[in-house]
Amino acid sequence: MATEIGRKIKIAFVDDSLFQRTLMKIVLVNNETFDLRFNCSNGLELLKKLESTAELPDVCLADLNMPVMDGHEAALHIRDRFPSIKVFGYTTTDNVTELERFKANGALFIFSKTNLRMTLDEIKYWLDDDIRPSLSKG
C-alpha cells in the first residue's frame, strides 16, 4: 500500500482533543506519505463521514476515551461495517484490560500519545507491502 508510487495513505483521525486534532493537521500538511481525509472529534462523527464518502480511508487512528462514541465502539463498528480500514489506537491509558478490549474490537496496534510523528512512521511500517503483506491486503 505505502510502496505504490505516488499513492498516499488515506488516514482518518479521531480524538476529542482539539489540540491533538490540530497537531495532526499540522504534522500532515504537505506530508508525502499520508493524506488526512477525516479529522473527527468522536467515533460517531467519523462513522457518519464514512457512510457518506465514496472513498474510504486506508487507516483510522482513534483515541480510546472520547465522549459520544469512544474508540472501543468506533473500532467495533469499523471492523464490522468497513473491514478494509485498518484501525490503530492512540491513547494515554495504560489500563491493560481497556487496551485488550480495544484490540478485541478491531485495533491492530495501540500507540501511546507520546510522539505523533513516530506513530505515523510506525503505521507506515505496518502498512508497507514489502514488510506486512497480510495487513495491507484487505
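A. Seen up close, the state of the cysteines. Scanning all chains against the criterion turns up zero disulfides. Take C40: it sits in no disulfide, and the sulfur closest to it among the cysteines is that of C60, at 8.1 Å. Residue classification places C40 among the buried positions, given a relative accessible area of 0%. For C60, a relative accessible area of 1% corresponds to the buried category.

B. Local environment of the sheet that holds strand β2 (residues 34–40). One open sheet holds the five strands; their spatial order is β2-β1-β3-β4-β5, and the pairing between them is parallel. For this open sheet the edge positions go to β2 and β5 (107–112), each flanked by a neighbour on one side alone. When strand polarity is set aside, the average angle formed by the axes of neighbouring strands in this sheet is 25°. In this sheet, β5 lies alongside strand β4 (residues 86–91) in parallel orientation, the contact comprising five bridges. Paired with T91 across the bridge in β5 is S112. Sitting on the sheet, helix α1 (residues 18–28) touches β1 (9–14), β2, β3 (59–63) and β4, and the angle it makes with β2 is about 165°. The strands touched by helix α4 (residues 96–104) within the sheet are β3, β4 and β5, with β5 carrying the most contacts at an inclination of about 145°.

The rules behind the values
Residues numbered from 1 in each chain as written. Predicted model: local features only at pLDDT ≥ 70, side-chain atom pairs only at ≥ 80, totals over all residues. Heavy atoms only, no water. Disulfide = S-S within 2.5 Å. Buried < 20%, exposed > 50% of the residue type's maximum accessible area, 1.4 Å probe, protein only. Pairing = 2+ DSSP bridges. Helix = DSSP H or I, 4+ residues; strand = E, 2+ residues; numbered from the N terminus. Axes fitted to C-alpha atoms, helices over the stretch in contact; angles between N-to-C directions. Contact = heavy atoms within 4.5 Å.

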